[in-house]
Amino acid sequence: MPADHRSEPVGLRERGHHAATGSTTGAATAFAQPNIALVKYWGKRDERLVLPHSSSLSLTLDIFPTTTTVRLDPAAGTDAVTLGGEPAAGEPRRRVVAFLDLVRDLAGRTEPAVVDTRNTVPTGAGLASSASGFAALAVASAAAYGLDLDATALSRLARRGSGSAARSILGGFAVWHAGEGTGAAGDLASYAEPVPVSGLDPALVIALVDAGPKAVSSRAAMRRTVDTSPLYRAWADSSGADLPDMLAALRRGDLDAVGEIAERNALGMHATMLAARPAVRYLSPATLEVLDGVLQLRRDGVPAYATMDAGPNVKVLCHRTDAGRVAEVVGAAGRCPAVVARPGPGARLWTGDEP
Ligand code: 2P0
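The rules behind these values
Residues numbered from 1 in each chain as written. Predicted model: local features only at pLDDT ≥ 70, side-chain atom pairs only at ≥ 80, totals over all residues. Heavy atoms only, no water. 1 Å grid on protein atoms, 1.4 Å probe; cavity = no way out; pocket = protein on both sides within 12 Å on 5 of 7 lines; lining within 4 Å. Points joined across faces, edges and corners; volume = space filled by probe spheres on them. Helix = DSSP H or I, 4+ residues; strand = E, 2+ residues; numbered from the N terminus. Nonpolar A, V, L, I, M, F, W, Y, C, P; charged D, E, K, R; others polar. Axes fitted to C-alpha atoms, helices over the stretch in contact; angles between N-to-C directions. Left-handed = near helix turned anticlockwise from the far one by under 90°. Contact = heavy atoms within 4.5 Å. Near = heavy atom within 4 Å. Polar contact = N/O pair within 3.5 Å; in protein donor to acceptor, adjacent residues only side chain to side chain. Areas by Shrake-Rupley, 256 points an atom, 1.4 Å probe, with all protein chains shown as cover. Domains from an automatic or database assignment.

Peer 1: Got a minute to help me understand the layout of surface pockets in this structure?
Peer 2: Empty space among the atoms becomes visible once a probe the size of a water molecule is rolled across them. One number sums up the size of the second largest pocket: a volume of about 270 Å³. Together, 14 residues line the second largest pocket, and Arg48, Arg94, Ala98, Arg160 and Arg219 are the ones closest to its centre. For the lining of the second largest pocket, the element with the highest residue contribution is helix 1 (residues 90-107), accounting for five residues. Looking at the lining of the second largest pocket residue by residue, the classes come out as five nonpolar, one polar and eight charged.

If you want it as structure tokens, here you go:
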């Protein structure tokens, strides 16, 4: 994998070089991309602090950026939040305001903020919009309120907004440590960091089976699975065992092993959901058609492995050189668009150089 995809995010220590986005103006803009987990996060041991039951590992993508601007507005009575240019309301607004409260507590500040967030990924479709959304919000709001946080601290902070956002602070492959305990000790121990990888040049082909919003939020589905699925503990244990195998496979650049572990981990996670009461079923008939296409690719000698999140869309890991063929086959199998993603960068501040 090219080295630039493993780079740390632009640290907030650098913000002094970018006065236009730094704390002196009380405004900052940040970008972040979604990540797709190859060892999944599913289930919290602490809901308030967003501490997971098991560690997870993901690949941050080079597509579907979220752009978020946070501007302090001392004269305002309350926070103003827009998502895609529309005023946010209900749960999405509540989560952004709760996150800003956390940042204000850390910074010892009280000013309300104006937050503008623009996703390029369909929101709530199991395509990780909350990962890119809260990673961008963490970087932008920390800078706007004058916090000087390194990547580890930013990852912990993003985690409080949405668990998977902890991983989008990092580029390329990242592992999010579950850590142990609750309270302050648990919080300190649970963050994402980059994973060493050698000799891999991967692509992730996304079969966009359905870009509509999901019926059950991943937060609610996760809670229901932990509380009611008799299979949950077994999956969490086996996922814990998948992680060292995945780290070893990445270290030796073994795409087949990475793909096999990712596919079994995802199918096991969906099995726990199907056993929840009532069942949570994100997979659709078109999902299974795409999975058949992936099996056919392997029978034809093309290494390709599938993973699915809280939605029917299928992400297919393959060598970059096979991505065109894989996109053709899975798009035809699912009768849907297929988008090719590559490893992408971590969340970063706008420096004025980007378009
Ligand atoms: C993951 N997902 O590892 C798993 C796999 C979906 C399926 O992380 O409740 O939106 O905000 O912490 O981060 C989606 O969960 O949940 C997710 P919260 P989040 O990518």
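Okay, back to it.
Peer 1: Just to check I follow, could you spell out the packing of helix 9 (residues 285-299) against helix 10 (residues 323-334) for this structure?
Peer 2: Helix packing geometry: the angle between the two helix axes and the distance between the axes. Two elements in contact, helix 9 and helix 10, have axes separated by 8 Å at closest approach and are oriented at 140 degrees. Crossing of helix 9 over helix 10 shows right-handed handedness. Contact with helix 9, carried on its side by Ala286, Glu289, Val290, Gly293, Val294 and Leu297, involves Arg325, Val326, Val329, Val330, Ala333 and Gly334 of helix 10 and no other residues of that element. Each residue belonging to the contact of helix 9 with helix 10 can be placed in one class, and the counts come to eight nonpolar, two polar and two charged.

Peer 1: I keep staring at unusual backbone geometry and nothing clicks. Help me out?
Peer 2: Generally, phi is negative for residues other than glycine and the peptide bonds are trans, each holding for most cases. Backbone torsion omega between Arg277 and Pro278 reads -5 degrees, so that peptide bond is classified as cis. On the secondary structure map, Pro278 appears in the loop between helix 8 (255-274) and helix 9. Within the chain, Arg335 stands out as a residue other than glycine whose phi angle is a positive 45 degrees. Here Arg335 shows up in the loop between helix 10 and strand 15 (338-341).

Peer 1: Explanation requested: the site of the ligand in the structure shown.
Peer 2: Near the ligand there are 18 residues, and of these Tyr41, Lys44, Ser162, Gly163 and Ser164 occur at the shortest range. Between the ligand and Gly163 there is a distance of 2.7 Å, counted from an oxygen atom to a backbone nitrogen or oxygen. Ser218 has a polar side-chain atom sitting 3.4 Å from an oxygen atom of the ligand. Within the complex, the protein chains bury 93% of what would otherwise be the 470 Å² of accessible surface of the ligand. For the shell around the ligand, the element with the most residues is helix 6 (residues 218-228), which contributes three residues. Looking at side-chain class alone, the shell around the ligand contains seven nonpolar, five polar and six charged residues. Built from parts of two domains, the shell around the ligand gets at least three residues from each of domain 1 (16-195 + 343-349) and domain 2 (202-341).

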